[in-house]
Amino acid sequence: MAENKKEMPPELKERLRAGFNLDWRKELRKSLPVKERMKIKRQKMPERSPEVRNQDFFEVNKGLEARAAVEEAKRCLDCANPQCVMGCPVGIDIPTFVKMVEIGDFEKSIRKIKETNALPAICGRVCPQETQCEVVCNLKKATGTPVAIGNLERFVADYERDKGEMFIPSLPSSTGKKVAIIGSGPAGLTVAGDLALKGHQCTIYEALHVPGGVLWYGIPEFRLPKNILEAEVDYLGKLGVELKTNFVVGLTATLDDLREEGYDAFFVGTGAGLPNFMRIPGENLIGVYSANEYLTRVNLMRAFAFPEYDTPVYLGKKAVVLGGGNVAMDSVRTAKRLGAVESTIVYRRSRVEMPARIEEVHHAEEEGIVFHFLTTPIRFIGDDKGCVKAMECIQMELGEPDASGRRRPIPIEGSEFIMETDLVVVAIGNSPNPLIPQTTPQLKVGKWGNIEVNWDTMETSMKGVYAGGDIIRGGATVILAMGDARIAANEIDKYLQNHKK
Amino acid sequence: MAKILKRERLVPNIHLIEVEAPEIVRKCRPGQFVIVMPDDKGERIPLTIADWDIQKGSITSIFLVVGTSTHKLANLHAGDEVPVFVGPLGKPSEIEKFGTVLCAGGCFGIAAIYPIARALKEKGNKVITLLDVKANYLLYWEDKLRAVSDHFSISSRDNYYDCKEYIPYSLKNILKKEKNIDRVVSIGCTYLMYTCAEATRLHEIKTMVSLNPIMVDGTGMCGACRVTVGGKTKFACVDGPDFDGHLVDWDELFMRRKSYFDDEIQSMCYWERKNFP
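Please read these numbers as outputs of a predicted model, since none were measured by experiment.

Cut-offs applied
- Residues numbered from 1 in each chain as written.
- Chains lettered and ligands numbered in written order.
- Predicted model: local features only at pLDDT ≥ 70, side-chain atom pairs only at ≥ 80, totals over all residues.
- Heavy atoms only, no water.
- Helix = DSSP H or I, 4+ residues; strand = E, 2+ residues; numbered from the N terminus.
- Rg over C-alpha atoms; globule rule 2.2 N^0.38 Å.
- Buried < 20%, exposed > 50% of the residue type's maximum accessible area, 1.4 Å probe, protein only.
- Pairing = 2+ DSSP bridges.
- Right-handed = clockwise from strand over helix to strand, strands pointing away.
- Contact = heavy atoms within 4.5 Å.
- Domains from an automatic or database assignment.
- Buried area = accessible area lost by both parts, 1.4 Å probe.
- Salt bridge = Lys/Arg side-chain N within 4 Å of Asp/Glu carboxyl O.
- Polar contact = N/O pair within 3.5 Å; in protein donor to acceptor, adjacent residues only side chain to side chain.
- Nonpolar A, V, L, I, M, F, W, Y, C, P; charged D, E, K, R; others polar.
- Axes fitted to C-alpha atoms, helices over the stretch in contact; angles between N-to-C directions.
- Parallel < 35°, antiparallel > 145°, perpendicular 65-115°, else oblique.
- pLDDT = per-residue confidence, 0-100.
- Phe/Tyr/Trp six-rings, centres within 6.5 Å; stacked < 30°, edge-to-face > 60°.
- Lys NZ or Arg CZ within 6 Å of the ring centre and 35° of its normal.

Turning our attention to the overall build of chain A. Scanning chain A for helices and strands turns up 21 helices and 16 strands. The C-alpha atoms of chain A give 23 Å as radius of gyration, which agrees with the globular expectation for 501 residues (23 Å, within 12%). Taken along its principal axes, the extent of the C-alpha atoms in chain A is 75 × 60 × 50 Å. Here chain A, with 501 residues, has 60% of them falling under the buried criterion.

Next up on the list: the pairing of strand S11 (residues 183-187) of chain B. All names here are of chain B. Burial analysis of S11 places five of its five residues in the buried class, which makes it a mostly covered element. Across five bridges, strand S8 (residues 100-106) lies against S11 in parallel orientation. Residue Leu102 lies in a different strand from S11, and its bridge partner there is Val184. Relative to strand S12 (residues 206-210), S11 is paired through four bridges, and the arrangement is parallel. Along S12, the bridge assignment pairs Ser186 with Val209. Assessed by its sense of winding, the connection that carries the chain from S11 through helix H6 (residues 190-201) to S12 is right-handed.

A separate point is the side chain of Asp158 of chain A. All names here are of chain A. Locating Asp158 in the fold gives a position in helix H11 (residues 149-163). Looking at Asp158, the relative accessible area reads 11%, which means it is buried. Setting aside residues no more than four positions away along its own chain, Asp158 makes contact with Ala121 and Arg125.

Next up on the list: the domain arrangement of chain A. Size of an interface, as often reported, equals the accessible area lost when the parts are brought together. Residue and element names in this part refer to chain A. Per the domain assignment, the segments of chain A are domain 1 (10-163), domain 2 (178-273 + 431-498) and domain 3 (278-428). Between domain 1 and domain 3, the residue contacts involve 15 residues of the former and 13 residues of the latter. In terms of surface lost to domain 3, no three residues of domain 1 exceed Asn54, Phe57 and Glu130, which account for 48% of the buried area on that side. Seen at the junction of domain 1 and domain 3, the total is three salt bridges.

Before going further, it helps to examine the environment of Ile94 of chain A. All names here are of chain A. Counting through the fold element by element, Ile94 comes out in helix H7 (residues 94-102). By relative accessible area, Ile94 is classed as buried at 5%. The spacing of Ile94 and Pro82 is twelve residues in sequence and 8.2 Å in space, taken between C-alpha atoms. Setting aside its immediate chain neighbours within four residues, Ile94 contacts Cys84, Val85, Cys88, Cys133 and Ile149.

Turning our eyes to something else, we now look at the interface of chain A and chain B. Contacts between the two partners involve 43 residues from chain A and, on the opposite side, 44 residues from chain B. Note on chain A versus chain B: buried area summed over both sides is about 3700 Å², and carbon and sulfur give 56% of it. Applying the counting criterion to the chain A and chain B interface returns five salt bridges. In this structure, Lys41 of chain B engages Glu308 of chain A in a salt bridge whose closest nitrogen and oxygen atoms are separated by 2.3 Å. The interface formed by chain A and chain B holds 21 residue pairs in polar contact (both at pLDDT 80 or more) in total. Sorting the residues of the side of chain A that touches chain B by element identifies strand S5 (274-275), strand S6 (288-290) and helix H16 (291-300) of chain A as the ones contributing at least two each. Taken together, the residues of the side of chain A that touches chain B sort by class into 22 nonpolar, twelve polar and nine charged.

Axis angle and axis distance: for two packed helices, these are the angle between their axes and the distance between the axes, and together they describe the pair. Residue and element names in this part refer to chain A. Where H7 contacts helix H8 (residues 106-114), the two axes come as close as 8 Å, and the packing angle between them is 170°. As judged from the angle between their axes, H7 and H8 are roughly antiparallel. In this structure, H7 uses Thr96, Phe97, Met100 and Val101 to contact H8, whose residues at the interface are Phe106, Lys108, Ser109, Lys112 and Ile113.

Moving on: the confidence of the model for chain B. The pLDDT averaged across chain B works out to 93; a share of 100% of its residues lies at or above 70. ipTM for the predicted complex: 0.94, alongside a pTM of 0.91.

Take the packing of aromatic side chains next. Inspection of every chain in the model, using the stated rule, returns 21 aromatic pairs over all chains. Ring centres of Phe57 of chain A and Phe222 of chain A lie 6.2 Å apart, and the angle between their planes is 45°; this geometry places the pair in the tilted category. Of this pair, Phe57 of chain A sits in the loop between helix H4 (50-53) and helix H5 (66-75) while Phe222 of chain A sits in the loop between helix H13 (214-217) and helix H14 (226-238); the two residues are 165 residues apart in sequence, bridging distant segments of the chain. The exposure classification of Phe57 of chain A matches that of Phe222 of chain A, with both residues buried. Among the aromatic residues, those joined into a ring-pair cluster are Tyr166, Tyr191, Tyr194, Trp250 and Phe254 of chain B. Sitting over the face of the ring of Tyr235 of chain A, Lys114 of chain A holds its NZ or CZ atom 3.9 Å from the ring centroid.

Okay, the pattern of salt bridges next. Residues and elements named next belong to chain A. Inspection of every chain in the model, using the stated rule, returns 57 salt bridges over all chains. Of the charged contacts in the structure, one is a salt bridge between Glu59 and Arg154, with a shortest N-O distance of 2.9 Å. One end of the pair, Glu59, is in the loop between H4 and H5; the other, Arg154, is in helix H11, with 95 residues separating them in the sequence. Each of the two residues, Glu59 as well as Arg154, counts as buried. For Asp158, the salt bridge identified is with Arg154, shortest N-O distance 3.4 Å. Of the two residues, Asp158 and Arg154 both sit in helix H11, four residues apart, roughly one turn of that helix. Both residues of the pair, Asp158 and Arg154, count as buried.

What follows concerns the domain arrangement of chain B. All names here are of chain B. Its domain assignment divides chain B into domain 1 (2-89) and domain 2 (100-257). Counting residues at the interface gives 20 residues for domain 1, matched by 23 residues for domain 2. At the boundary of domain 1 with domain 2, total buried surface from both sides reaches about 1700 Å², with 69% on carbon and sulfur atoms. At the junction of domain 1 with domain 2, the criterion picks out two salt bridges. The salt bridge partner of Asp51 is Arg118, with a shortest N-O separation of 3.2 Å. The tally of links from domain 1 across to domain 2 stands at four residue pairs in polar contact (both at pLDDT 80 or more). Where the side of domain 1 that touches domain 2 is concerned, the elements lending two or more residues are strand S1 (2-11), strand S2 (14-20), strand S3 (33-37), strand S4 (45-53) and strand S5 (58-64). Residue classes in the side of domain 1 that touches domain 2 are distributed as 15 nonpolar, three polar and two charged.

Listed below in structure tokens is the structure:
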């Protein structure tokens, strides 16, 4: 399901060239020679100390200071051929916004980002820049350390929000076209932002009681504070996007019902809301959670503040999280913060195969998380009350690479051992949520229950119905969802221009 | 926010709540449920839809007061609002012409079984209704259920009604008399459903139960409500809530329902101290 590497589209090339040739950019490039720029060290993101932060839910990264941000922006070589932009799924004009930081015009900088990204404070925090924009940065090729693009994006987004005034771009007159967006996760929010800027009336439908999808229930406060999410959603409201929470499309109304209500186009971004389990004995013991449930209880239902909030969650002393992705890191660090004496990752492959962001793994290690590689449980053992008390594990070795390109783990016979635990979180991925496919029989679905789309346009088998994010990919990342959403929004706009009621 | 149109105590500890929910009314069918959150700090709890009014656009649910959430609900009044009232969730009950169907309900299940009995009757089934109450003053909705039943009887522990036994024994007696029961539907507390399913097992009469595990989102996203049915893990919220009672792993369900027993007591005490010092 991975996308192919594409050539830079001509319009994007032109846009970047125009920025590159502006006089102030030329001046700026001359003001400091490339050699000098390459000498500047990457500015370190200030972090709260691990012993303090692993006791609370406040954000780990404190954000760059203005001076550090300007210094970091100076490192950008303002290349004629900026690869970073190609690495960004939503095509942010990275050199321009970075250079605006360098001259200290933070306001213009954030406006530049917002031309193509309605959620910069979120992306600056949770995008895996190290595998997207930063990995292709020309400075990385030259010196080994790329420009900290993500940190700069976060800096200007925070700068604007902290100032208290969010810039609202002038909106075109309404086209009179209505778009229904199902799911208010990263994909849905992006589509809404893009289409609102083009004058279409967007309504987002959300099944839960707060908007944000996985950004709310999945990503913990210490990585993405909820007030930041709320501010970004608020911003969409100011663009005229309507939000309907507590509405389960598929059950409260089907897609067809909504079409009858007069919507001209649809975007389905209902995410990977169906947790996968190991399918081993004892998995339904008390104290064995899916990562979705564990994180939802803590993040959405605020179980960390029980009994002030009514929803409880198991507080393990010896917490074990199964998996090696970002969700596993979020879960294991959450368990630590909720008082686990020992909080352990059990992953069936080795360190290098872990799909989690390096930064998250690094933070987890600093916070005292233990890692057990090449290990997988084969059964869970309960006490007489049905609570999990241990799990039997088996050790693995790595064999030949499998379909994902990672070496396949193979159990080592006779290596079984018992690991004590009183809290297990299964974070081995999610499948697409079945509610829309089940209630929309016309919609073509792939073999994992994912909605099938034309990958160039994100259109589904139904005319005027588009989809993106985890509902088409299975479990992926926030920014890939937003990338799909960007393509879909452009296509929906084209579709609506030719569409007659 | 959803507006409460009515909240009243039907019998001790069992309350009715009628909520304005025009969108849910348009779609809901017997056997489905809603998720309710009594206030901003509350839990999301599932309640079976017991009745609906198309004209008024309202949904009625019945609940037993047990923990913090239901205590909070029981303290709301007409005109108050709840932050979450979402649905209709779950798969509707199978309503077909089966022949003779016995509906066995108790506690809040008396109300939950009502729309199912009504729909079965409308489909042309012979409906035998058997209700269980501890004592006569705990019976409610008798008229409503009588109106949709061909036979109606009540099991109660006092001397007020036809039979004194607990519901599975009365159920067995009916099975002895009525030879041609094609299906049993049982809704109530877990123990009631379990014993009813056990009572019909030897008779090999298909017995549907409406399971009530702990839920959070109610849309399949979290997996809190997983139950083992026929050896496979199912999510009660999207695969159910109705399952074949003879295939349910009841021990596991009993166990999982007690997951937060201690926390629930702590939460109740905290709430009571704050509200009734």
